[in-house]
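# Inside the fold
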Amino acid sequence: MCGHVGFESLPEQLVDRSIQQGFCFNILCVGETGIGKSTLINTLFNTNFEELESSHFCPCVRLRAQTYQLQESNVHLKLTIVNTVGFGDQINKEESYQPIINYIDDQFEAYLQEELKIKRALFNYHDSRIHVCLYFIAPTGHSLRTLDLLTMKSLDSKVNIIPLIAKADTISKSELQKFKMKLMSELVLNGVHIYQFPTDDDTTAKINGAMNGHLPFAVVGSMDEIQVGNKMVKARQYPWGIVQVENENHCDFVKLREMLICTNMEDLREQTHMRHYELYRRCKLEGMGFSDVGPENKPLSLQETYEAKRHEFYGERQRKEEEMKQMFVQRVKEKEAILKEAERELQAKFEHLKRIHQEERMKLEEKRRILEEESISFSKKKTTCDLFQSQSFMASSSSIKKDKDRKKESGYQLALLCFEVRAVEISDGHKDAEEGREGHSSRGWLE
């Protein structure tokens, strides 16, 4: 070129555009409750984030995401901290890592759906994909737990994993070095791929190569400031002394902050998009039937793949429709056979009941005829009896009347006789009254 054109200012334009848009960074903290995840995050960003206390009695593992707006100089950072609540606290830890995998896949799926929209808004889209996973390992000094191996093995293809030995001030330096070597050998032996700081850039190759040899980092977190000499430092006060968080002789906190935030934050974002998200996207599209090459290894466009998939789907639909029709016809025939058999059974039962009904009806008619004959005979007998009773009553009535007449006549005769006797006695009484004693005796006889 013979003169100044001006595209040398393109990096400055990109920097200005990036500063205007701002940046986002998402951190996943995996570790058991009380291991120091929140304290370390607060120390890393020199901010007291509002964190809810977690309980050791959670029935299942759940993920809690909180987003914060940070600013340093003129750079804005949207920081999302995703904490695993209840991880490793259950008695059955078999599926403790499954909610973490589901959460990471859900963020990939949300980004993929945004990309597949006709009208996309990726410029303003809040990228919630996890850029780095800080895996906190308990400082036991022995080996990794089975849960740790299974979790990291399940996550290494989905997220950048940086293993950390939490609360490194609880283990001696000699034991710490042995513990680091043992952890790395176990990770290699079990095929767990952790994030390696890139060495392809000449400006950071040396420091990143050196830091890869310090993995996993042994860290200590604290927001307490203690005076050491003439300055205030973040440290932890113990009866036997002070552990300074930013002292590289005490822990690897400075190395972690340098590698995570100052040097490789953009590489973590790029690795998430170019490696882990692309792997998820490829598997998802291949699962849907899309491919870049045809049967003869010829390149296929998206339209050709869509048409091939459409014809395949149409043929599959026709085949299933035919199968469903045949199945429907078969089921209809089976149902008709069942209904016919049931109809025959009902007809046989109806004939049987009809025959029984006819027999019962004939028996009832016979009983009715017999009853009518008995009723007629009874009526005749009753009429004869009534006639006989009336004749007997008339005969007895005439005899009773004759007896009454006789009794009456006898009564009249008796009364007449008594009257005559009385008349005689009265006449005799008059005679006695005249005669004296004889009359007294006559009255006594009369009485």
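If you're wondering where the values come from, they're calculated on a predicted model, not measured in any experiment.

What counts, and at which threshold
- Along every chain, residues carry numbers that run from 1 in the direction the sequence is written.
- pLDDT decides what is reported in this predicted model: residues at 70 or higher carry local features, side-chain atom pairs at 80 or more are listed and counted, and totals for whole chains, interfaces and linings draw on all residues regardless.
- As a rule here, side-chain values cover all heavy atoms of the structure and leave hydrogens and water aside.
- Put simply, a salt bridge is a Lys or Arg side-chain nitrogen that is within 4 Å of an Asp or Glu carboxyl oxygen.
- Helix and strand assignments come from DSSP, with helices taken as H or I runs of at least 4 residues and strands as E runs of at least 2, each series counted from the N terminus.
- Exposure categories follow from relative accessible area, calculated using a 1.4 Å probe and restricted to protein chains: below 20% of the type maximum is buried, above 50% is exposed, and the middle band is partly exposed.
- A pair of strands is labelled paired if DSSP reports no fewer than 2 bridges between them.
- The axes used here are C-alpha line fits, helices contributing only the stretch in contact, and every angle between their N-to-C directions lies in the interval 0 to 180 degrees.
- Note on definitions: a residue-residue contact is assigned when non-hydrogen atoms from the two residues lie within 4.5 Å.
- Remark: nonpolar core denotes a set of buried residues (Ala, Val, Leu, Ile, Met, Phe, Trp, Tyr, Cys) joined through side-chain atoms within 4.5 Å.
- Oblique is the label for any angle not covered by the other classes, which are roughly parallel (under 35 degrees), roughly antiparallel (over 145) and roughly perpendicular (65 to 115).
- Crossing handedness is read from the near helix: turned anticlockwise from the far helix by less than a right angle, it gives a left-handed crossing, and turned clockwise, a right-handed one.
- Under the scheme applied, nonpolar residues are Ala, Val, Leu, Ile, Met, Phe, Trp, Tyr, Cys and Pro; charged residues are Asp, Glu, Lys and Arg; polar residues are all the others, including Gly.
- Look down the strands so they point away from you; if the path from the first strand over the helix to the second goes clockwise, the crossover is right-handed.

Looking now at the pattern of salt bridges. Under the counting rule described, the total for this entry stands at 21 salt bridges. Two residues, Arg 257 and Glu 246, come together in a salt bridge whose shortest N-O distance is 3.2 Å. Residue Arg 257 is found in helix H7 (residues 253-263), and its partner Glu 246 is found in the loop between strand E9 (241-244) and H7; the two are separated by 11 residues along the sequence. A relative accessible area of 25% means that Arg 257 is categorised as partly exposed. Between Lys 255 and Glu 248 there is a salt bridge whose closest N-O contact spans 3.3 Å. Each of the salt bridges in this network shares a partner with another, and the network as a whole consists of Lys 180, Glu 248, Asp 252 and Lys 255.

Our next topic: the sheet that holds strand E8 (residues 231-238). Spatially, the 3 strands line up as an open sheet ordered E7-E8-E9, and their pairing is antiparallel. The open sheet is flanked by strand E7 (225-228) and E9, the only strands paired with a single partner. Across this sheet, the average inter-strand angle for adjacent strands is 65 degrees, counted without regard to direction. Both E7 and E8 contribute to a ladder of 4 bridges, which runs antiparallel. Its bridge partner lying in E8, Gln 227 is registered against Met 232.

Among all residues except glycine, the phi angle is most often negative; among peptide bonds, the trans geometry is most common. That bond from Leu 215 to Pro 216 is cis: its omega, -5 degrees, falls within 30 degrees of zero. Mapped onto the elements of the fold, Pro 216 is located in the loop between helix H6 (205-212) and strand E6 (217-218). A positive phi angle, near 55 degrees, is found at Asn 46, a position not held by glycine. On the secondary structure map, Asn 46 appears in the loop between helix H2 (37-45) and strand E2 (62-72). Positive phi is not limited to glycine here, since Lys 167 has a value of about 50 degrees. Checked against the element boundaries, Lys 167 lands in the loop between strand E5 (161-165) and helix H5 (173-189). Take Lys 167: its relative accessible area is 40%, and that puts it in the partly exposed class.

Right, let's talk about the sheet that holds E5 for a bit. Overall, mixed pairing links the 6 strands, which are arranged E2-E3-E1-E4-E5-E6 in an open sheet. Whereas interior strands pair on both sides, the edge strands pair on one side only; in this sheet they are E2 and E6. Pairing of strand E1 (residues 23-30) with strand E4 (residues 132-137) involves 4 bridges; the strand directions are parallel. Bridge assignment links Cys 29 to a residue of E4, and that residue is Leu 134. Packed onto the sheet, H2 meets E1, E2, strand E3 (75-85), E4 and E5 and runs at close to 170 degrees relative to E3.

Ile 27, Leu 134, Ile 162 and Phe 217 are the most contacted members of the largest nonpolar core, which totals 73 residues. Counting residues per element, this core draws most heavily on helix H3 (residues 98-115), at 7 residues. What Leu 134 contacts, discounting residues up to four positions off in sequence, is Ile 27, Leu 28, Cys 29, Val 30, Ile 41, Leu 44, Ile 162, Leu 164 and Leu 260.

So, on to the packing of H2 against H7. Direction vectors running N to C along H2 and H7 enclose 70 degrees, while the axes themselves pass 11 Å from each other. On the basis of the axis angle, H2 is roughly perpendicular to H7. Judged by the twist between their axes, the crossing of H2 over H7 is right-handed. Contact with H2, carried on its side by Leu 40, Thr 43, Leu 44 and Phe 45, involves Phe 253, Leu 256, Arg 257, Leu 260 and Ile 261 of H7 and no other residues of that element.

One way to put it is that H6 packs onto H7 with a least axis distance of 11 Å and a crossing angle of 135 degrees. Classified by the angle between their axes, H6 and H7 sit oblique to one another. Once H6 is placed against H7, the crossing between them reads as left-handed. Taken together, the residues of H7 that come into contact with H6 (itself represented by Ile 207, Asn 208 and Met 211) are Lys 255, Glu 258, Met 259 and Thr 263. Grouping the amino acids of the contact of H6 with H7 by side-chain chemistry returns 3 nonpolar, 2 polar and 2 charged.

Quick look at the pairing of E4 now. Burial analysis of E4 places 6 of its 6 residues in the buried class, the great majority of the element. Across 5 bridges, the pairing between E4 and E5 is parallel. Residue Leu 134 lies in a different strand from E5, and its bridge partner there is Ile 162. Following the chain from E4 across helix H4 (residues 146-155) to the adjacent parallel E5, one finds a crossover that is right-handed.

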